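Architecture and fold: a report
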Amino acid sequence: MIGRLPIAKMFGVTLIGTALISVVMLQINWNGQEASTAAPEIDRLLDVMIVLSSFVFTLVMVMLFYALWKFKAKPGDESDGEPIHGNTRLEVAWTVIPTIIVLFGAGYSWVVLDNIEEKADNPLTVQVFSQQFAWSFGFPGKDNKWSEGVLHVPVDRQVQFKMHAQDVIHSFWVPEWRIKKDAVPGITTTATVTPVKEGHYQLICTELCGFGHASMRAKVVVESPKKFQEWVQGLERETPPAFMESIEQDTETDPSEPLTAGGG
Ligand SMILES: [Cu+2]
C-alpha cells in the first residue's frame, strides 16, 4: 500500500503550501532596521532558511494528513494494522533530502560568516569591558580614554570590538547590527562590525548573567568620523588599571593577532 503513494500529487501540494507559507513569513520584518554591512547578508540568509523550513514543515504536514485520511480505520474495525517491512525508496529520500538541505545551509552560512568577518584595511579597535551589570569602553590613543555606559563609533568604518569580561559570561548585541558575540572571562573575543547608518541604538547583554541582566544595556551612537573624534577627545576619564590589566591577561581567540594593550 505504502509503495503506491501519490508522490507527484503530494509534492505538488507541498510546493504550493511552501509558496503560501513563505510569502506570508517573508512579509514580516523579523529583525528591524539594517544598520551595518552585515545586516542585509544575515537577513538574506534568514529568508533562505525560512523558505527551506517552510518546505520541510509543509512536506511533513502533507504526509501526516494524507496518512490520517487514507489509512483511517473504518468504524467497528478492531483488527491490527497491516504489517509493514519498510520502504527503501522512502527511506533513501528522507535521508538524502535532509542531508542536502543541512549541507547547503552549512555551506551558505560559512560563506556569509566569512564575508562579514573579513578584516578591513584600517579598522578602529574598541575595548569592551563587561561586568555585572554594566558596559564600559576603552578607546585607542595614548591616554586610554574610557566611557561608561555610552559607546560612540564612526559611521562607515569597520570596528573591531575586543571583549573583556570581568566576572561571568556576557554577550554583546546591537540588534540593528545583527552581530552577537559572547564576552568570556579570560579570553579576548572579537566582534567585527561596520555601521552604515548614523543614529542612536542600544547595546543589549544577551547572555543571562545574573539578577541585573535585563537592565544591562548601553547607549550606542553612530556618527560622522569628525563628531566621533571630538567625542573621544572630550572624554575625561582613563581606563581603570584593573581593566587595563584584563586586556593584558586575556588570551586572544585568534592566535594570528598579537596582544594589544590600551586599545592600540
Ligand atoms: Cu547579561
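Before reading on, note that the structure itself is shown above.
Residues numbered from 1 in each chain as written. Predicted model: local features only at pLDDT ≥ 70, side-chain atom pairs only at ≥ 80, totals over all residues. Heavy atoms only, no water.

**Overview of the sheet that holds strand β7 (residues 180–183)**
Taken together, the 5 strands give an open sheet; going across it, the order is β4-β10-β9-β6-β7, and neighbouring strands pair in mixed fashion. The open sheet has two free edges, formed respectively by β4 (150–154) and β7, since each of these has just one partner strand. Within the sheet, the average angular offset between the axes of one strand and its neighbour, ignoring direction, is 25 degrees. Where strand β6 (residues 170–173) meets β7, 4 bridges bridge the pair, whose relative direction is antiparallel. Counted as the bridge partner of W173 is K180 from β7. Relative to the sheet, helix α4 (residues 225–234) contacts β4 and β10 (217–223), its axis offset from that of β4 by approximately 140 degrees. (Pairing = 2+ DSSP bridges. Helix = DSSP H or I, 4+ residues; strand = E, 2+ residues; numbered from the N terminus. Axes fitted to C-alpha atoms, helices over the stretch in contact; angles between N-to-C directions. Contact = heavy atoms within 4.5 Å.)

**A word on the coordination of the copper ion**
The protein atoms that coordinate the copper ion are C205 (SG), E207 (O), C209 (SG) and H213 (ND1), at distances spanning 2.1 to 2.7 Å. Given 4 donor atoms and angles of 80 to 131 degrees at the metal, the environment of the copper ion is assigned as irregular. Positions of the donor residues of the copper ion along the chain correspond to the pattern C-x1-E-x1-C-x3-H. (Donors = N, O, S within 2.8 Å, 3.2 Å for Na, K, Ca; no water. Tetrahedral: all angles 85-135°; square planar, octahedral: opposite > 155°, others 65-115°.)

**Some thoughts on the pairing of strand β8 (residues 187–193)**
The buried count for β8 comes to 6 of 7 residues, which makes it a mostly enclosed element. Of the strand pairs in this sheet, β8 and strand β11 (residues 251–252) are connected by 2 bridges, and their pairing is parallel. Residue pairing for β11: I187 is matched across the bridge by T251. (Buried < 20%, exposed > 50% of the residue type's maximum accessible area, 1.4 Å probe, protein only.)

**Notes on the packing of aromatic side chains**
Scanning the model with the defined rule gives 11 aromatic pairs in all. Three or more aromatic residues joined by ring pairs form one cluster here, namely W135, F161, F172 and W177. Above the ring of W173, the side-chain terminus of K180 is found at 4.8 Å from the ring centroid. (Phe/Tyr/Trp six-rings, centres within 6.5 Å; stacked < 30°, edge-to-face > 60°. Lys NZ or Arg CZ within 6 Å of the ring centre and 35° of its normal.)

**Focus: the pairing of β10**
Among the 7 residues in β10, 5 count as buried, and that is most of the element. As judged from the 5 bridges shared by β4 and β10, these two strands associate in the parallel manner. When the bridges of β10 are listed, L151 appears paired with V220. Judged from the 6 bridges that link them, strand β9 (residues 199–205) and β10 form a sheet pairing that is antiparallel. Bridged to Q202 within β10 is K219.

Shape is all these values report; function is a separate question.
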